[in-house]
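Chain and residue survey
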Amino acid sequence: MIEGLKPYPDYKESGLPWLGRYPSHWVIKRGKSYMTCVDQRSKSGKEELLTVSSARGVVPRNTAKVTMFKAASYAGYKLCWPDDLVINSLWAWGGGLGVANHHGIISTAYSVYRVRPSAQIVPRFLHELVRSSAFNWELQVRSKGIWISRLQLTDTAFLDAPIPLPPPDEQAAIVRFLDHANRKIDGFIRAKRKLIGLLNEQKQAIIHRAVTRGLDPSVPLKPSGIPWLGDIPHHWEVRRMKNVGNTKIGLTYSPADVTDESGCLVLRASNIKNGKLVHADDVFVRKDIPPEVRVKSGDILICARSGSRNLVGKSAFITPEFEGVAFGAFMSVFRSPWNDFVFWVLNSNLFSFVMAQFETSTINQLTQGDLNTLVIPFPPRDEQLGIVKSVERQTSSLNTAIARTEREIALMQEYRTRLTADVVTGKLDVRPLSAVLAQAGAAAHLPELPGASEAAPDEDLTGEPEPEEAEA
């Protein structure tokens, strides 16, 4: 906890599950008392195109990770202005809302709310409140639908939500405090991510050296004829992937096939982290799954298509825990007797080189044909086993350091979430510290976090996934 933050001296009960006790001088009114719904349309569609990011709020679309195709024309799209509250009605429950800093156009699937002049709301305070983990309770219970991916928040439901509001000067103090706190937290996370990048570079160098040159530095070399590979030991071979094993493409399914955990798990890119399978953003389907799209223990799962070029090629071993589940259409599975070695080849500089050749392409993907024709180094089996053992030993400590650093980032993100919720709901009184900050500057009173550095403008330091924008 930042030194100097204490509860307010006097509270009263709100009767709201997500709010509980709140400062006695604050007021609670329905959203419709503060805001009106606005629906103004663009005639030309030439204004700046905006989208709503769960991580950063309302941002220019060209700065967000939006993977949906753009519309042919944006005439008729909704308009918003700075200080308008914009909500993706289908993603409100997932954090798809925020107060705009830009004038532009947004999807007609979004809602725009404008603060009444008499409401005395500081726009940035409203932004922090409606995006807080506490207020998310209201967004979830007011969003209705059959499937969680289809929950919708109507204008009536949102405007009927209770909004706790301190006096305007106190709202400004809260915003000032959160600005300074977030600057320190962002600097800490930025420094830790740089450290992870350096550790991954060191890990990549160990892997690449081992799978392309072997473990004996004195062995004679020969040209491989492959640009990314360079020279290899003279007694090694090079083989195409199709001559080493078999590549299979994944399951195609529709939203109507998605069900609860009683269905079959479908592995996707979100299930791969640091070369291992994890349960993250799991999807289950109810349809019958043919054997050819079910994985076996020892298979290598490869991300073959993604909205991000950096994700294409990331891979993981199928462990016994996941045997028999399905894998999605944007994924491929490679199966061979030499997968223990091939896995490390796939985690060398191979895919970095291959994806660089797609720099002018708008589609980031590796087809089954692409994977089959990839040429990889292929040493004798005894050397493969030695390389695998050596790489696992050398990268073990690096993996531990990366995992520890990622945990530090996660804890800091949790701290940010809790701090913001406590401040905007009145659990902590920031007025004394905010007044000091206004007079002397934040640097003198907020503690420095180890390794903190300034974050770049608009840099996503939350680690949260971006939703796909729904085009109307």
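Before reading further, recall that the structure is shown in the block above.
Description of the structure in this document.

Let us look at the overall build of the chain. When helices and strands are tallied, the chain shows 10 helices and 26 strands. Looking at the 472 residues of the chain, the share that counts as buried comes to 48%. Here the chain displays about 22800 Å² of accessible surface, and carbon together with sulfur accounts for 53% of that area.

Turning next to unusual backbone geometry. Phi at Asn 274 is positive, roughly 55 degrees, even though this residue is not glycine. Turning to its location among the elements, Asn 274 is positioned in the loop between strand E19 (272-273) and strand E20 (276-277). Assessed through its relative accessible area of 44%, Asn 274 is described here as partly exposed. For Asp 281, which is not glycine, the phi torsion reads 55 degrees and is therefore positive.

Another point: the nonpolar core. Counting residues in each nonpolar core, the largest one holds 44 residues, and the members touching the most others are Met 35, Leu 85, Ile 87, Phe 135, Phe 158, Ile 174 and Phe 177. Those elements giving two or more residues to this core turn out to be strand E8 (85-88), strand E9 (97-99), helix H2 (123-130), helix H4 (155-159), strand E12 (162-165), helix H5 (168-213) and helix H9 (381-424). With five residues, the single largest contributor to this core is H5. Apart from residues no more than four positions distant in its own chain, Phe 135 is found in contact with Trp 18, Leu 129, Val 130, Phe 158, Ala 161, Pro 162 and Ile 163. If you look at the next biggest cluster of nonpolar residues, it comprises 32 residues, including Val 312, Leu 366, Leu 374 and Ile 376.

What follows covers the pattern of salt bridges. All told, the structure shown has 16 salt bridges when counted by the stated rule. Asp 186 serves as the salt-bridge partner of Arg 416, at 2.7 Å between the closest nitrogen and oxygen. Taken together, the residues Arg 416 in helix H9 and Asp 186 in helix H5 connect sequence positions 230 residues apart. Residues Arg 416 and Asp 186 agree in their burial class; the two are buried. One connected set of salt bridges, linked through shared partners, spans Arg 124, Glu 128 and Asp 179.

It is worth spelling out the side chain of Ser 107 at this point. Tracing the backbone through its elements, the reader meets Ser 107 in the loop between strand E10 (104-106) and strand E11 (110-115). Looking at Ser 107, its side chain comes within polar contact range of the main-chain nitrogen of Ala 109, at 3.0 Å.

Here we come to the pairing of strand E25 (residues 331-335). Taken across its five residues, E25 has four buried, putting it largely inside the fold. Pairing geometry for strand E22 (residues 300-303) and E25, over four bridges, is antiparallel. From the neighbouring strand, Cys 303 faces E25, where its bridge partner is Met 331.

On to the sheet that holds strand E17 (residues 258-259), then. Taken in spatial order, the four strands make up an open sheet running E17-E21-E18-E24, and their pairing is mixed. What marks the edges here is a single partner per strand, and that holds for E17 and strand E24 (326-327). For E17 and strand E21 (residues 283-285), the ladder comprises two bridges, and the chain directions are antiparallel. Bridge pairing in E21 links Val 258 to Val 285.

Quick look at H9 now. Taking 1.5 Å per residue, 44 residues should reach 64 Å; H9 reaches 61 Å between its end C-alpha atoms and fits that length. At Thr 395, H9 is deflected by roughly 35 degrees, the largest bend along its length. Taken from the residues just after H9, Gly 426 is the one with a positive phi, measuring 80 degrees.

This part covers the sheet that holds strand E23 (residues 315-317). On the basis of which strands lie adjacent, the open sheet formed by four strands has the order E16-E25-E22-E23 and antiparallel pairing. Each edge of the open sheet is held by one strand with a lone partner, namely strand E16 (246-249) and E23. Each strand axis lies, on average, 25 degrees off the axis of its neighbour in the sheet, ignoring direction.

What counts, and at which threshold
Residues numbered from 1 in each chain as written. Predicted model: local features only at pLDDT ≥ 70, side-chain atom pairs only at ≥ 80, totals over all residues. Heavy atoms only, no water. Helix = DSSP H or I, 4+ residues; strand = E, 2+ residues; numbered from the N terminus. Buried < 20%, exposed > 50% of the residue type's maximum accessible area, 1.4 Å probe, protein only. Areas by Shrake-Rupley, 256 points an atom, 1.4 Å probe, with all protein chains shown as cover. Core = buried A, V, L, I, M, F, W, Y, C linked by side-chain atoms within 4.5 Å. Contact = heavy atoms within 4.5 Å. Salt bridge = Lys/Arg side-chain N within 4 Å of Asp/Glu carboxyl O. Polar contact = N/O pair within 3.5 Å; in protein donor to acceptor, adjacent residues only side chain to side chain. Pairing = 2+ DSSP bridges. Expected span 1.5 Å × (residues − 1). Bend = angle between axes of the 7 residues up to and from the residue. Axes fitted to C-alpha atoms, helices over the stretch in contact; angles between N-to-C directions.

Everything listed here is a matter of coordinates, which is why it stays silent on function.
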